[in-house]
Amino acid sequence: MEKIIESLEKFGLTRYEAKAYIGMCNLITGKAEEIAKSSEIPRSKIYNTLKALDKKGFIEITHTRPLEYKVVPPSEIIKMKKDELIKELESSQEKLDEIYNNQISEIQAPVWLIKTSENIINKEIEIVKRARKSINMRIGYLLAGEGEELIKAFKELPRGIPIKIMATPECYIDGEKIEIIKLFEDANLDNLEIVEADIRFVKIIIRDGKELFRTIVKSAGEEKSIVPDSCVGVHNRYEEICQNFDERFLNQFKKLKSKKVKK
């Protein structure tokens, strides 16, 4: 019982309110005196307690004489509170992201070395979510699940942000083939353009011409299957370097796109 009371207190109920709600779950409906007895709450406190529960949506008052109180089912309450919490957390995340993204551009940003597949994918998604003008990528390989995560992040961007990708058609990881170009084409994003390029074992993402993340990986076997544990990323925020890479990317993308149209 004590644990249930503590859980209800996390939803913003006082101890008396939590006890009254538990008592009402036993009664389903009842008068104030009955609820006070079932909940072991002093009669002098029960009316204000029930009034507060009604205001918070945990019970309903039927306007009869005398007043009767009906409990709102726990499943409805839990869902309502869960939805409120999720909405509150999402709102907080948006505000914190805005603060973070505004500040990160002011940081003197040299170069960071990043290892492990999980950290590399997380960094890429973080960079994509900061995009305000453009995302340009050279993709010579994909790690397991990386393409799906990138597509998910792309879909969360405003449709006015163009995404340009130069990619090798396919790669192998642990002997399994990943059809890179097909994967992104099947996403059907109207702000995404992808062209085929001869790229191997290198991946670059450039965000707004201001942030660059370059990863390389080793390969093994006849299929030149990538070795995920060998993957290493370099995160660069020197704006001049990022702009140079971005300009070179756009020039090369334009040429490859032009060849594709002629064919």
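Here, the structure is the one placed above.
Residue numbering note: each chain is counted from 1, following its sequence as written. Since the coordinates come from a predicted model, pLDDT governs what is reported: local features require at least 70, and pairs of side-chain atoms require 80 or more to be given and counted, while whole-chain, interface and lining totals use all residues. With hydrogens and water excluded, all non-hydrogen atoms of the structure serve as input to the side-chain values.

Draft legend 1. Looking closely at the packing of aromatic side chains. Working definition: a ring pair exists when centres of Phe, Tyr or Trp rings (six-membered ring for Trp) sit within 6.5 Å. Plane angles under 30 degrees give stacked, over 60 give edge-to-face, the rest tilted. What the rule picks out here adds up to 3 aromatic pairs. Here the aromatic rings of Phe154 and Phe184 are separated by 6.3 Å at their centres, their planes lie at 40 degrees, and the arrangement is tilted. In this pair, Phe154 sits in helix 7 (residues 146-156) while Phe184 sits in helix 8 (residues 180-185), placing the two residues 30 residues apart along the sequence. Here Phe154 and Phe184 have matching classes, each one buried. Seen in terms of ring centroids, Phe249 and Phe253 are 5.9 Å apart; in terms of plane orientation they differ by 20 degrees. Their pairing is stacked. What counts as a helix is a DSSP run of H or I of at least four residues, what counts as a strand is a run of E of at least two, and both are numbered from the N terminus. Here's how the labels work: a residue is buried when its accessible area is under 20% of the maximum for its type, exposed when over 50%, partly exposed in between, all with a 1.4 Å probe on protein chains only.

Draft legend 2. Spatial organisation of the packing of helix 3 (residues 32-39) against helix 4 (residues 43-55). Interhelical geometry of helix 3 versus helix 4 gives an angle of 110 degrees and a closest axis separation of 9 Å. Relative to helix 4, the element helix 3 is oriented roughly perpendicular. Two secondary-structure elements touch here, helix 3 through Ala32, Glu33, Ile35 and Ala36 and helix 4 through Arg43, Ile46, Tyr47 and Leu50. Under the convention adopted here, Pro, Cys and the residues Ala, Val, Leu, Ile, Met, Phe, Trp and Tyr are nonpolar, Asp, Glu, Lys and Arg are charged, and Gly plus all remaining residues are polar. A class-by-class count of the residues in the contact of helix 3 with helix 4 yields 6 nonpolar, no polar and 2 charged. Structural elements are reduced to axes, namely lines fitted to C-alpha atoms, with helices fitted over the stretch in contact, and the angle between N-to-C directions of any two is expressed from 0 to 180 degrees. Geometric relationships in this document are graded by angle, where less than 35 degrees denotes roughly parallel, more than 145 denotes roughly antiparallel, 65 to 115 denotes roughly perpendicular, and other angles denote oblique. In this description, contact between two residues means that some pair of their heavy atoms is separated by no more than 4.5 Å.

Draft legend 3. Region of interest: helix 4. Helix span is expected to be 1.5 Å times the residue number reduced by one. Taking 1.5 Å per residue, 13 residues should reach 18 Å; helix 4 reaches 19 Å between its end C-alpha atoms and fits that length. The complete set of buried residues in helix 4 reads Ile46, Thr49, Leu50, Ala52 and Leu53. The buried residues of helix 4 occupy an angular sector of 160 degrees when the element is viewed end-on, so they sit on one face. For helix 4, exposure combined with an orientation more than 90 degrees from the buried face picks out Ser44, Asn48, Lys51 and Lys55. The inward-facing, buried residues of helix 4 abut helix 2 (15-27), helix 3, strand 2 (59-62) and strand 3 (68-71). Just beyond helix 4, the residue with positive phi is Gly57, at close to 85 degrees. By definition, the arc is the one covered by directions from the helix axis to the C-beta atoms.

Draft legend 4. Quick peek at the nonpolar core. As used in this record, nonpolar core signifies buried Ala, Val, Leu, Ile, Met, Phe, Trp, Tyr and Cys residues forming a set joined through side-chain atoms within 4.5 Å. By size, the foremost hydrophobic cluster in this structure holds 38 residues, and its most contacted members are Ile135, Phe154, Ile165 and Phe184. With near-sequence residues (within four places) excluded, Ile135 lies in contact with Ile127, Val128, Phe154, Leu157, Ile161, Pro162, Ile163, Lys164, Ile205, Ile206 and Arg207. Counting 21 residues, the second-largest nonpolar core is a separate cluster that includes Ala36, Ile41, Ile59 and Tyr69.

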